[in-house]
Amino acid sequence: MPAERLPMRKIYEILRLKYDCRRSLREIATSCGVGKSTVSDYLLRFKAAGLEWPLPPELDEAGLNRLLFH
């Protein structure tokens, strides 16, 4: 059974901690209350989607969701 997706607010927080605050996977995982593998998965999805931080302002939650989970 596939794992449940994180709320978009938490995904944004993972990205912010990684790219704005330059936190490690362990620090992000602890701060967000998820596993390191979950953080790694979302960051890999972000890169695979060809996205850059900061996200473009016209990219809404639905658009980001489509790009990460096509």
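Just above sits the structure.
Quick caveat, the model's predicted, so the values are computed rather than measured.

Colleague: How should the packing of helix 2 (residues 25–32) against helix 3 (residues 36–48) be read in this particular structure?
Modeller: Each packed pair of helices is defined by two parameters, the angle between the axes and the distance between the axes. At a closest axis distance of 8 Å, the pairing of helix 2 and helix 3 adopts a crossing angle of 110°. What the angle tells us is that helix 2 and helix 3 run roughly perpendicular. In contact with Leu25, Arg26, Ile28 and Ala29 of helix 2, helix 3 contributes Lys36, Val39, Ser40 and Leu43. For the contact of helix 2 with helix 3, the class distribution of residues is 5 nonpolar, 1 polar and 2 charged.

Colleague: I'm lost on helix 2 in this one. Help?
Modeller: Along an α-helix, a turn takes 3.6 residues, which lines up residues three or four apart on a common side. All buried positions along helix 2 are accounted for by Ile28, Ala29 and Cys32. Here the buried residues of helix 2 occupy an arc of 100° about the axis, which is enough to place them on one side. What points out from helix 2, more than 90 degrees from its buried face, is the exposed set Arg26 and Thr30. Structurally, helix 2 contributes buried residues whose contacts are with helix 1 (8–19) and helix 3. Where helix 2 terminates, the next one or two residues include glycine 33, which has phi positive at roughly 70°.

Colleague: I would appreciate a short explanation of the packing of helix 1 against helix 4 (residues 61–68) in the present structure.
Modeller: Running from N to C, helix 1 and helix 4 point in directions that differ by 75°, and their axes come no closer than 11 Å. On the basis of their axis angle, the class for helix 1 and helix 4 is roughly perpendicular. For the pair helix 1 and helix 4, contact is made by Met8, Ile11 and Tyr12 and by Glu61, Leu64, Asn65 and Leu68, respectively. Among the residues forming the contact of helix 1 with helix 4, the class breakdown is 5 nonpolar, 1 polar and 1 charged.

Colleague: For this particular structure, what's the right way to read the pattern of salt bridges?
Modeller: For side chains bearing opposite charge, pairing can occur when the charged atoms are close. Tallied over the entire structure, the rule returns 2 salt bridges. Between arginine 16 and glutamate 13 there is a salt bridge, and its shortest N-O distance comes to 2.8 Å. Taken as a pair, arginine 16 and glutamate 13 lie in helix 1 at a separation of 3 residues, close to a single helical turn. The class of arginine 16 is partly exposed, set by a relative accessible area of 32%. Classification of glutamate 13 by relative accessible area gives partly exposed; the value is 25%. Linking arginine 45 and aspartate 41 is a salt bridge whose minimum nitrogen-to-oxygen distance equals 3.2 Å. Of this pair, arginine 45 and aspartate 41 both sit in helix 3, 4 residues apart, which is roughly one turn of the helix.

The rules we used
- Residue numbering note: each chain is counted from 1, following its sequence as written.
- Local features are withheld for residues below a pLDDT of 70 in this predicted model, meaning they are given only at 70 or higher, and side-chain atom pairs are given and counted only at 80 or more; totals for whole chains, interfaces and linings count all residues.
- Only heavy atoms go into the side-chain values, all of them from the structure, while hydrogens and water stay out.
- Axis geometry follows a simple rule: fit a line to the C-alpha atoms, using only the stretch in contact for helices, then measure angles between N-to-C directions, giving values from 0 to 180 degrees.
- Counting from the N terminus, the helices are DSSP H or I runs at least four residues long and the strands are E runs at least two residues long.
- Any angle that is under 35 degrees is reported as roughly parallel, and any over 145 degrees as roughly antiparallel; angles of 65 to 115 degrees are reported as roughly perpendicular and all others as oblique.
- The contact criterion used is simple: two residues touch if any of their non-hydrogen atoms lie within 4.5 Å.
- For this scheme, ten residues count as nonpolar: Ala, Val, Leu, Ile, Met, Phe, Trp, Tyr, Cys and Pro. Four count as charged, namely Asp, Glu, Lys and Arg, and the remainder, Gly too, count as polar.
- Only protein chains enter the calculation, and the probe is 1.4 Å; a residue is then buried if its accessible area is under 20% of its type maximum, exposed if over 50%, and partly exposed in between.
- Within this analysis, the arc is defined by the directions that extend from the helix axis to the C-beta atoms.
- Salt bridges are identified by distance alone: a Lys or Arg side-chain nitrogen within 4 Å of an Asp or Glu carboxyl oxygen.

Such coordinate-based values are descriptive only and should not be taken to indicate function.
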